[in-house]
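# Descriptive analysis of the structure
As a plain string of letters, each chain reads:
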Amino acid sequence: MTSDGRGDAELPSAVGSNALNGPALLRWGRVCLEGLEQRREEINALNVFPIADADTGTNMLATMRAAMQAAEAAMVAAPSAAAVPSTHEVAAAMARGATLGARGNSGIILSQVLRGIAEAVRGGLLTADTLREALATASALVRESLSVPVEGTILTVLERASECAAVCPEPVLAEVAVAAADGAAKALGDTPAQLGVLREAGVVDAGARGLVVLLDSLVAVTLGETPDRPQYVRGESAVPQAQVERGDMDAEAAPDDSASRDGAESRTSVQCGIESRNSAEPQNSAEPHFEVMYLLSDTDNRRIARLRDRLAELGDSVVVVGDGAGSWSAHVHCADAGAAVEAGIATGTLSAIRIESFAITARAATAPPVWPENDGPADRGVLAVVAGDGAAALFEAGGAVVLGGDGTVTSAALLAAIRQLPNREVLVLPNGALPAHELVAVGVAARDVHRDVLLLPSGSMVQGLAALAVHDCGRIAVDDAFAMSEAAAATRWGSLRAATERALTMVGTCEAGDGLGLVGHDVVVIDRDVPTAGRTLLDRMLAFGGELVTLLMGAAAPAELAAELAAHIANGFPGIEVSVYSGGQHADLVQIGVE
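Two elements in contact, helix H4 (residues 104–120) and helix H5 (residues 128–145), have axes separated by 7 Å at closest approach and are oriented at 140°. Between H4 and H5, the interaxial angle falls into the category oblique. The two elements H4 and H5 meet at a crossing, and its hand is right-handed. Note on element contacts: H5 touches H4 through Thr130, Glu133, Ala134, Thr137, Ala138, Leu141 and Val142, opposite Ile109, Gln112, Val113, Arg115, Gly116, Ile117, Glu119 and Ala120. Here the residues of the contact of H4 with H5 are counted per class, giving eight nonpolar, four polar and three charged.

Encoded structure:
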């Protein structure tokens, strides 16, 4: 049953006997999901380089789920059962969903298989010829996306599947699918002979095993029969030593005798077709290592190529791919996660940043901890993003370093300001200047072995002032940050503005010159008279109580406005303390904080 209530029987699975349309491709995706779910543990067990919560089988399943969610959404969006999405529309939705939801480099590579299909079916259905084209396109996309392609991995198996499909003489889609799947299965069995690290572990390549599941699923949909494959078990895929000695493998993949004797310390670290640039380094390095992934937009092929080169300088397992529609996904294993994120910031707009730490050392587990040589108070600084000269003076008086200006503060400017501070601990009060995903990126890029950075949840300058009021360097950083965050969160904030143009808000339409009262970022009051809008806003905010109201007056606020609002509070809410400051900000006539 599809998510729009139509059963599979109501969706035509093919046009004729030799082509798949959009609904049929959707059914193939569901069969892939079932196959990956059934084989997940098998694929996970084959993973030579497991990361605690990101094994290959799990990653490929999660990526395929993201692809199918996007495709199901495209199906639901169809205006009627008769106007179902085309093969290209379904394939493009799957490719985009997989790219945006990819997990691990195996998931990113899977997205390119789906993109290859989407590119091939732009002009019509999935046929024998377009399947050949799809596999060839996917192979080229995957090879291009890798920083250092290595044979004996999913890349090799995908290319072998493409070759077998290309030479298949049959004009029937199902027969070409069988040729591709069988060729991939044969190449999968050969991966231990091509790659020493797989041979020593007695496994086939895990990502390639997942690819065979996808191709077998296509056979099942087109032929009606699922190929019978063995269960690949660790230790049962070892290559006989005689085969190694005869040289029955690619010359480039065969390690020399010393490499075999040295074992793990001299093995090439490879995962999903990517060579580890640091394979000559001892694997018990005490330096922390991370898996970094993020999405990119607002960029181009030239900058993406530079990003791929930069990530290759920082680490290994580099994969950077696109969905063909302007979105990109990047993946790298590196020691400096901040530098990897910073490289992304320089390339385009970042989102969905994921950073996971994975243990890589034996020595780090046994080495004694190294503590900073500082027995005195913490070397801690506070950086506040501020608009307006008056507000800047308030934050500086509270001991903060100010990043100011009435213009837009960029993530690059914030990162540069953090790095200019001499402190080894930095607490940042962003005060609503940047969106959350940009703040995360800045925080990751700013942290290193010499500096810890904590970004506090201050959504406005009045919340930032409340947080700064409880700042105490005598506490450890996490306790100080918690107390400041708690103070910011306990401060309800709003603002009074004058509308600059006619606009539709959540409470109605405003005209230019109207007074707008906002709580947080939402308009809750519209009034033709600006001071009246301010008084109504205060009534709304103080309806839930309060002990202290802070009025931070903007540069364009009328001279009498502060006195009018303070008098309104005194008359309507006796006992509440009012503090009025000149902020000088240009965006708001008044920022209001209620503690």
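Right, let's get into the pairing of strand E17 (residues 577–582). With six bridges connecting them, strand E16 (residues 548–553) and E17 associate as parallel partners. Across the sheet, Leu552 pairs through a bridge with Tyr581, a residue of E17. As for the winding sense of the linkage, the β-α-β connection from E16 through helix H21 (residues 561–572) to E17 is right-handed.

Counting residues in hydrophobic clusters, the biggest one holds 77 residues, and the most contacted among them are Leu25, Trp28, Leu36, Met64, Met94, Leu114 and Leu131. Ranked by the residues each element gives to this core, the list is headed by helix H7 (residues 173–194), at eleven residues. Setting aside anything within four residues of it in sequence, one finds Leu36 in contact with Ile43, Met60, Leu61, Met64, Gly210, Val213 and Leu214.

Attention shifts here to the sheet that holds strand E18 (residues 590–594). With respect to topology, six strands assemble into an open sheet ordered E15-E14-E11-E18-E16-E17, the strand pairing being mixed. The sheet is open, and its two borders are formed by strand E15 (522–527) and E17, each paired with just one other strand. Sheet twist, expressed as the mean angle between neighbouring strand axes with direction ignored, is 20°. When strand E11 (residues 492–498) meets strand E14 (residues 515–519), the two strands line up antiparallel, connected through five bridges. Residue pairing across strands places Leu496 opposite Gly517, the latter belonging to E14. Contacts from helix H18 (residues 461–469) reach E11, E16 and E18, with the element oriented near 45° to E18. Set on the sheet, helix H20 (residues 530–542) makes contact with E11, E14, E15, E16 and E18; between it and E11 the angle comes to about 165°.

The strand order across the open sheet built from four strands is E8-E7-E9-E10, with neighbouring strands paired in parallel fashion. Two strands in the sheet have a free side with no partner beyond their single neighbour: strand E8 (401–403) and strand E10 (452–455). Strand-to-strand twist in this sheet, taken as the mean axis angle between neighbours without regard to direction, amounts to 25°. Bridge count between strand E9 (residues 425–429) and E10: four bridges; the pairing is parallel. Its bridge partner being in E10, Val426 is matched across the sheet by Val453. Contacts between helix H19 (residues 477–489) and the sheet are confined to strand E7 (380–385), E9 and E10, with E9 contributing the most and set at about 10° to the helix.

Within the secondary structure, Ala445 sits in helix H17 (residues 436–446). Taking the C-alpha atoms as reference points, Ala445 and Ala339, separated by 106 residues in sequence, lie 5.7 Å from one another. The contact partners of Ala445, leaving out residues within four places of it in the chain, are Gly338, Glu342, Leu415 and Arg419.

Helix length check: helix H9 (residues 206–223), at 18 residues, gives a terminal C-alpha distance of 26 Å against a target of 26 Å (1.5 Å per residue), a fit within 8%. Most of H9 is tucked away, with 16 of its 18 residues classed as buried. Backbone nitrogen of Gly207 and a side-chain oxygen of the N-cap are separated by 3.3 Å at the start of H9; the cap is Asp205. Phi turns positive one or two residues past the end of H9, at Gly224, with a value near 90°.

Here the focus is the side chain of Asn21. For Asn21, the position within the fold is in the segment before helix H1 (22–46). Judged by relative accessible area, Asn21 falls into the buried class, the value being 8%. Here the side chain of Asn21 touches Ala24 through a polar contact of 3.1 Å, landing on its backbone nitrogen.

Cut-offs and rules
Residues numbered from 1 in each chain as written. Predicted model: local features only at pLDDT ≥ 70, side-chain atom pairs only at ≥ 80, totals over all residues. Heavy atoms only, no water. Axes fitted to C-alpha atoms, helices over the stretch in contact; angles between N-to-C directions. Helix = DSSP H or I, 4+ residues; strand = E, 2+ residues; numbered from the N terminus. Parallel < 35°, antiparallel > 145°, perpendicular 65-115°, else oblique. Left-handed = near helix turned anticlockwise from the far one by under 90°. Contact = heavy atoms within 4.5 Å. Nonpolar A, V, L, I, M, F, W, Y, C, P; charged D, E, K, R; others polar. Pairing = 2+ DSSP bridges. Right-handed = clockwise from strand over helix to strand, strands pointing away. Core = buried A, V, L, I, M, F, W, Y, C linked by side-chain atoms within 4.5 Å. Buried < 20%, exposed > 50% of the residue type's maximum accessible area, 1.4 Å probe, protein only. Expected span 1.5 Å × (residues − 1). Polar contact = N/O pair within 3.5 Å; in protein donor to acceptor, adjacent residues only side chain to side chain.

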